[in-house]
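Residues per chain, in single letters:
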2 protein chains.
Amino acid sequence: MTRSSAPHSTTAAPTAAVRRRGRPRKEDSLAQETRQQLLRAGLEMLTEKGYSAAGLDEILRHAGVPKGSFYHYFSSKEAYGQALIDDYGRYFVRKLDRWLLNAGREPLQRIADFIDDACHGMQRHEFRKGCLVGNLGQEIMALPESFRQQLSDVFNDWQQRLAACLKEAQTQQQLASAVDCEQLAAFFWTGWEGAVLRARLEKSNEPLRVFAAGFFQLISRS
Amino acid sequence: MTRSSAPHSTTAAPTAAVRRRGRPRKEDSLAQETRQQLLRAGLEMLTEKGYSAAGLDEILRHAGVPKGSFYHYFSSKEAYGQALIDDYGRYFVRKLDRWLLNAGREPLQRIADFIDDACHGMQRHEFRKGCLVGNLGQEIMALPESFRQQLSDVFNDWQQRLAACLKEAQTQQQLASAVDCEQLAAFFWTGWEGAVLRARLEKSNEPLRVFAAGFFQLISRS
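Residues numbered from 1 in each chain as written. Chains lettered and ligands numbered in written order. Predicted model: local features only at pLDDT ≥ 70, side-chain atom pairs only at ≥ 80, totals over all residues. Heavy atoms only, no water.

### Examining the nonpolar core
- In terms of nonpolar packing, the biggest core is built from 145 residues, with Trp-158, Leu-166 and Trp-192 of chain A together with Trp-158, Leu-166 and Trp-192 of chain B touching the most fellow members.
- Setting aside residues no more than four positions away along its own chain, Leu-166 of chain B makes contact with Leu-108, Ile-111, Leu-175, Cys-181, Leu-184, Ala-185 and Ile-219 of chain B. (Core = buried A, V, L, I, M, F, W, Y, C linked by side-chain atoms within 4.5 Å. Buried < 20%, exposed > 50% of the residue type's maximum accessible area, 1.4 Å probe, protein only. Contact = heavy atoms within 4.5 Å.)

Okay, structure coming up:
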């Protein structure tokens, strides 16, 4: 990834450490909390509506943060968007790893587990929420150009994690050795984003299931 | 489809016929031309930016139509959006039929021809333009609820045309008789919209090719 802002991580810590000499810890932790509040509100609104439809005013209202203080936490709306993509990318990686690195299950079963979890998640949110990266990818022509590489990097990161799981399936002879795991992982994420789109449109898990069935059929015959 | 407005068709003709008694033909044809201009400008902007990012003011400027006269042609922004979806749906059906009903080619080759044409089209527009139905599907939570069924109907229409082509492949024994053509067609459109999204993000036909390769691999092994 190309960006430097890193909420939910230790990137903010050095700044806090430098400031600590002259400032009480409480203020730093409050600032950090407000920043998190802004990110949470943004993620909630953007996974639902996308970037263009979610006005900054609406996000600030939702977060309960006064407009005047926004630029205290983010230098611009673009920097805020970058922090949101980064935050979502890392949230999703934690989720993916929970399933794809689960040594208690066979590699291909782990992929099925991830899909099941995604279906339950979409249903739980009544198909209102999509994938932030898919939403912003679709809107790319209306977004700051810096988002393009960042979104692409997030996709590639997810892809590599899936490819690693597929390679483990190969090692365990669940998958033919001739299969190109990188290509298969690219195929999965490409189609999966379309399935998420269609599931939201139809308020149904059926498109996710149809795509998953095709994917496993392709795998089983490889 | 559930809507009544039908640009590029004969729906406007009865009104014109009634009016003709008291009005010159020229005025009707000018009105029709302005309506088309608004639809063309809208399609151009919405396939690129989506609905939320493309403001009505910008579309009107692009069409060279004064704001005051918009409601002469469309009763609301929602009605305009419905006319755009309808117009795009029919434009795309003409394109699909050109490839999928081409009796000079074998059925599976027709699908490959459609994919080739889509790749060339995306490249020609430098990956700026996506699928209007995909773009609006992604934005569904920020759009009028009436768009949901309409977009879903358009997808189903395309799906049926692809399923018919796949059934022809079955009849010609290009495809195993056990294959569920409806399911396979649903799989294709679900993944294809994801591939279009990714192709625009990466400014490359690679995602379209990766998805098409997986689809044909799935078919060849069915």
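Picking up where we left off.
### So, the interface of chain B and chain A
- Each partner contributes to the interface: chain B provides 43 residues, whereas chain A provides 43 residues.
- With both sides pooled, the region where chain B packs onto chain A buries about 3,900 Å², and carbon together with sulfur makes up 63% of that total.
- When the buried surface of chain B facing chain A is broken down by residue, Gln-138, Met-141 and Leu-201 of chain B rank first, second and third, together holding 20% of it.
- For the pair chain B and chain A, the number of links is zero salt bridges. (Buried area = accessible area lost by both parts, 1.4 Å probe. Salt bridge = Lys/Arg side-chain N within 4 Å of Asp/Glu carboxyl O.)

### Thoughts on the side chain of Arg-198 of chain B
- Relative to the elements of secondary structure, Arg-198 of chain B occurs in helix 9 (residues 181-202).
- Excluding residues within four positions of it along the chain, Arg-198 of chain B makes contact with Phe-155, Asn-156, Gln-159, Ala-186, Trp-189 and Thr-190 of chain A together with Pro-207 of chain B. (Helix = DSSP H or I, 4+ residues; strand = E, 2+ residues; numbered from the N terminus.)

### Details of the pattern of salt bridges
All names here are of chain A.
- Considering all chains together, one arrives at 30 salt bridges over all chains under this definition.
- A salt bridge links Asp-97 to Arg-161; the shortest N-O distance between them is 2.9 Å. Here the residue Asp-97 occupies a position in helix 5 (residues 77-100), and Arg-161 occupies one in helix 8 (residues 146-171), the gap between them amounting to 64 residues.
- The closest approach of N and O atoms between Glu-182 and Lys-167, which form a salt bridge, is 2.9 Å. Of this pair, Glu-182 sits in helix 9 (residues 181-202) while Lys-167 is found in helix 8, placing the two residues 15 residues apart along the sequence.

### Observations concerning unusual backbone geometry
- Positioned with a positive phi, Phe-127 of chain A is a non-glycine residue whose angle comes to about 60°.
- Assignment of secondary structure puts Phe-127 of chain A in the loop between helix 6 (107-124) and helix 7 (132-138).
- Located in the positive-phi region is Lys-203 of chain B, a residue other than glycine, with phi close to 45°.
- Relative to the assigned elements, Lys-203 of chain B resides in the loop between helix 9 and helix 10 (206-220).

### A few points about the packing of helix 10 (residues 206-220) of chain A against helix 10 of chain B
- Running from N to C, helix 10 of chain A and helix 10 of chain B point in directions that differ by 70°, and their axes come no closer than 9 Å. Judged by the angle between their axes, helix 10 of chain A and helix 10 of chain B are roughly perpendicular. When you trace helix 10 of chain A past helix 10 of chain B, the crossing you get is left-handed. Across the interface between the two elements, Phe-211, Gly-214, Gln-217 and Leu-218 of chain A from helix 10 of chain A touch Phe-211, Gly-214, Gln-217 and Leu-218 of chain B from helix 10 of chain B. (Axes fitted to C-alpha atoms, helices over the stretch in contact; angles between N-to-C directions. Parallel < 35°, antiparallel > 145°, perpendicular 65-115°, else oblique. Left-handed = near helix turned anticlockwise from the far one by under 90°.)

### Side note on the environment of Ser-52 of chain B
- Note on placement: Ser-52 of chain B falls in the loop between helix 2 (25-49) and helix 3 (56-63).
- Under the relative-accessibility criterion, Ser-52 of chain B is labelled partly exposed at 26%.
- Placed 87 residues apart in sequence, Ser-52 of chain B and Glu-139 of chain B show a C-alpha to C-alpha distance of 7.7 Å.
- The residues touching Ser-52 of chain B, leaving out its near neighbours within four places in the chain, are Ser-52 and Ala-53 of chain A together with Glu-139 and Ala-142 of chain B.

### Quick notes on the packing of helix 9 of chain A against helix 10 of chain B
- The contact between helix 9 of chain A and helix 10 of chain B brings their axes to 9 Å, and the two run at 100°. One finds that helix 9 of chain A runs roughly perpendicular with respect to helix 10 of chain B. From helix 9 of chain A, Gln-183, Ala-186, Phe-187 and Thr-190 of chain A reach across to helix 10 of chain B, where they touch Pro-207, Val-210, Phe-211, Gly-214 and Phe-215 of chain B.
- By residue class, the composition of the contact of helix 9 of chain A with helix 10 of chain B is six nonpolar, three polar and no charged. (Nonpolar A, V, L, I, M, F, W, Y, C, P; charged D, E, K, R; others polar.)

### Points about the relation of the copies chain B and chain A
- Placing chain B over chain A gives an RMSD of 0.0 Å and needs a rotation angle of 180°, together with 0.0 Å of translation along the axis. In the structure described here, the two chain copies are related by an operation that fits a two-fold rotation axis.
- Looking at chain B, 100% of its interface residues are interface residues in chain A too, so the copies touch through the same face. (Least-squares fit on C-alpha atoms with pLDDT ≥ 70 in both.)

### A closer look at helix 6 of chain A
All names here are of chain A.
- The terminal C-alpha atoms of helix 6, which comprises 18 residues, lie 26 Å apart, in line with the 26 Å expected from a rise of 1.5 Å per residue.
- Burial within helix 6 is extensive, with 13 of its 18 residues counted as buried.
- With its phi angle positive at about 50°, Glu-126 sits one or two positions after the end of helix 6. (Expected span 1.5 Å × (residues − 1).)

### Some remarks on the environment of Ser-69 of chain B
Residues and elements named next belong to chain B.
- Mapping Ser-69 onto the fold places it in the loop between helix 3 and helix 4 (70-73).
- A residue is classified by how much of its surface remains accessible, and Ser-69, at 21% relative accessible area, is partly exposed.
- Considering only alpha carbons, one finds Ser-69 and Thr-34, 35 residues apart in sequence, at a separation of 9.7 Å.

Purely spatial values, then, with no claim about function.
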